[in-house]
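# Secondary and tertiary structure notes
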Amino acid sequence: MADARILILGAGPAGAATALGLRRLGYAVTLVSDWRRFAAVEGVSQRVLDGLRHGGLGGALAQATTAAMREVHWNGDRLRLNEEFLIDRQRFDQALRDDLRRAGIELIEGRVREVRWDAARQVQLDDDRVLTGDFLVEARGRQAPLSEGRLRGPETVSLLNLWQGPPGTPASAVESLADGWAWMARLADGRCYWQVTLDAASAELPGKARLADYCAARRRDSSLVAAMFGEQAFAPAQVYARSSTAILAGVCAGQDWLRVGDAVMAVDPLSGNGIFQSLSSALQAPVVINTLLRRPDRAALAQRFHQTRIEQLFLRFARIGRDFYAQEQVRATGTFWAARRAWPDALPIHAPADWQAVTVERRPVLRDGFVEEVEVVVTPDQPLGVWHLQGIELAPVVRGLQAGQALEQLVGGEDQVMVRRWLREQGHA
Ligand SMILES: Cc1cc2nc3c(=O)[nH]c(=O)nc-3n(C[C@H](O)[C@H](O)[C@H](O)COP(=O)(O)OP(=O)(O)OC[C@H]3O[C@@H](n4cnc5c(N)ncnc54)[C@H](O)[C@@H]3O)c2cc1C
C-alpha cells in the first residue's frame, strides 16, 4: 500500500497537519475543503505556535504573532493572566492552504455532499464531482457528520461579534456572566471582537434578524467591554451564531478511515485549546494511518491507540473545564453554571498516586513510523502507560523494583535522581 492515495476532508489545522505528516511519509494526499465562511478571532498559546512549527505550518505560524495580555474577570476576581496570541481565523486558514500548496499537496476547493466509504470508497461534492481514494481522513471539524456512541456536553451556543474600531494596542479578556461567559479581543488594526457563550437550551435568544441588537444590548451591560473598546464598544457588529458544545465522536478510526481534530473531539472553547487539541490528534494520525495501510496485522492495535488517546485527552480537558467552571462561585446557581460544573463526571483530573496499583502492561506506542505494542508502566493517573522517562525505559525498572532489586542495580548513576523523583511521584517510598 506504499502508493495508497489518501483523501482528507477539511483544510483546518487538523486536516493540514495530517496532510503534511502523510506527505513526509511519502503518501499521495488529496485534500478537499470548503473555505471558512465566517469571520472569527481566536486566541492560542505558545504550545500551538510550537505545534505549528513542528507540523511544518510556517505560513500559519506567521499569522499568530499578535501577542496580547489576557485579563480575566472570574469569581469576582480580576487578574492579568498569561499572554495569548490572537489570530484572524480566515487569514490563518488561508495561510494553512498556502502551506499545503507549497508542500505540493493537491488541494481541491469544494463542498462535500456525501461520503460513501463502503466498498465504493467515494466522496461526492456539491458540484457532482466524485473523488475516490484508498484511505479517508475526516477533518471537517464540527461540521463532520457525527457517528454512533458519541459523548456530548451541555448544549452550548456562541455568538461571534466583529466590528471595526481605530487601531490600538492588542488586548484580550474573558469574563463570567450570570448566564455564560464572554471572550473579547482587540487587534492592532482596530478590529474588535466579542464572543458570548450561553446555554443553548435555556438562553432566550431572539430570531436571526434581531441577534445583532440583542448582542449590542448585552455588550452595554459590561463594564469590561466599555473599558476595553471605549467609545467603539457599542458600534454595530456583524454577528454569527455557532454551536460550541463539547463533543467526543464515538468510533474514531476504522481499517480505512480516521477522524482527526474537532471531527473527533471538539472541546469547550473556554479552554482556549481547540487548535492545540486539533494539532495533537493530527500529529499522531500519520503514523496510525501508516500502520493501518502497511501493517494490516496491527490494524486493531493502531485503532486502539488512536481511540484511547483521543478519549483520554477529551476527558482530561473536559474535567479541567469542569473545575474552571466550578471556580466561579458567585454565579454558581444559574442553569448555565450548574450543568457545566457537574459534567462530564465527578472524577478528579489527576488520580492520586498509589504505588500498589502500578503495573507493567503491554500497550500500543509509536516507534519508527508505526504503532507497536511494548511494555509500559501503567499508573492510576496514566492508564495508557508511560514508556520512557527522558529515554529511560521504565518497565524494566518497575519490574526490577517489584522483584526486590535496588534502584542502583537498575539505573545508572546520573539518571537515578530523575527516576527516583518520578518513582516518588507514583507513591514509591
Ligand atoms: C465559539 C468558538 C470559539 C473558539 N475559540 C478558540 C480559541 O480561542 N482558541 C482555540 O485554540 N480554539 C478555539 N476554538 C476551537 C477551534 O476553532 C477548533 O478547535 C479548530 O479550528 C479545529 O480545527 P479542525 O481542523 O479540526 O477543524 P476546522 O478548523 O473547523 O476546519 C474544518 C474545515 O473543514 C471545512 N468543511 C466543513 N464542512 C465541509 C464540507 N461539507 N465540505 C468540505 N469542507 C468542509 C471547513 O470549511 C474548514 O475549512 C473555538 C471554537 C468555537 C466553536
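Predicted model, so just to flag it, every value in this text is computed and none were measured. (Residues numbered from 1 in each chain as written. Predicted model: local features only at pLDDT ≥ 70, side-chain atom pairs only at ≥ 80, totals over all residues.)

## Considering the sheet that holds strand β11 (residues 151-152)
Selection rule: A pair of strands counts as paired when DSSP detects no fewer than two bridges linking them. Where helices and strands are cited, they refer to DSSP runs of H or I of at least four residues and of E of at least two residues respectively, numbered from the N terminus.
The strand order across the open sheet built from 3 strands is β11-β17-β19, with neighbouring strands paired in antiparallel fashion. Lying at the two open borders of the sheet, with one neighbouring strand each, are β11 and β19 (265-266).

## A few points about the site of the ligand
Heads up, the condition is: Only the C-beta atom matters for nearness: placed from the backbone, it must lie within 6 Å of the molecule or strand for the residue to count as near. Throughout, the ten residues Ala, Val, Leu, Ile, Met, Phe, Trp, Tyr, Cys and Pro are labelled nonpolar, Asp, Glu, Lys and Arg are labelled charged, and all others, Gly among them, are labelled polar. Throughout, the edges of the domains are those of an automatic or database domain assignment.
In the vicinity of the ligand lie 36 residues, with G10, G12, G141, G261 and G274 positioned nearest. For the shell around the ligand, the secondary structure elements donating two or more residues are α1 (13-24), β3 (41-44) and α7 (274-294). When residues in the shell around the ligand are grouped by element, the largest group, 4 residues, is from α7. In the shell around the ligand, the residues fall into 12 nonpolar, 15 polar and 9 charged. Counting contributing residues, the shell around the ligand receives three or more from each of domain 1 (5-67 + 80-152 + 246-340) and domain 2 (156-243).

## Some words on the domain arrangement of the protein chain
Note the threshold: It is the C-beta atoms, placed from the backbone, that decide contacts: two residues are in contact if theirs lie within 7 Å.
In terms of domains, the protein chain is made up of domain 1 (5-67 + 80-152 + 246-340), domain 2 (156-243) and domain 3 (355-425). For domain 1 versus domain 2, the separation of C-alpha centres amounts to 26 Å. The partner domain 2 presents 21 residues to the 18 residues of domain 1 that form the contact. Secondary structure elements with two or more residues in the side of domain 1 that touches domain 2: β3, β4 (66-74), β5 (77-88) and α9 (335-340). Of the residues contributing to the side of domain 1 that touches domain 2, the split by class is 10 nonpolar, 4 polar and 4 charged.

## Regarding the sheet that holds strand β21 (residues 370-379)
Applicable threshold: Fitted lines through C-alpha atoms give the axes, limited to the stretch in contact for helices. The angle between two N-to-C directions lies from 0 to 180 degrees.
Here we have 3 strands laid out as an open sheet, ordered β20-β21-β22, and antiparallel in their pairing. Each edge of the sheet is formed by a strand with only one pairing partner; in this case those strands are β20 (359-367) and β22 (382-386). Going across the sheet, the axis of each strand differs from the next one's by a mean of 50 degrees, ignoring polarity. Helix α8 (residues 299-326) contacts β20, β21 and β22 of the sheet and is inclined by roughly 45 degrees relative to β21.

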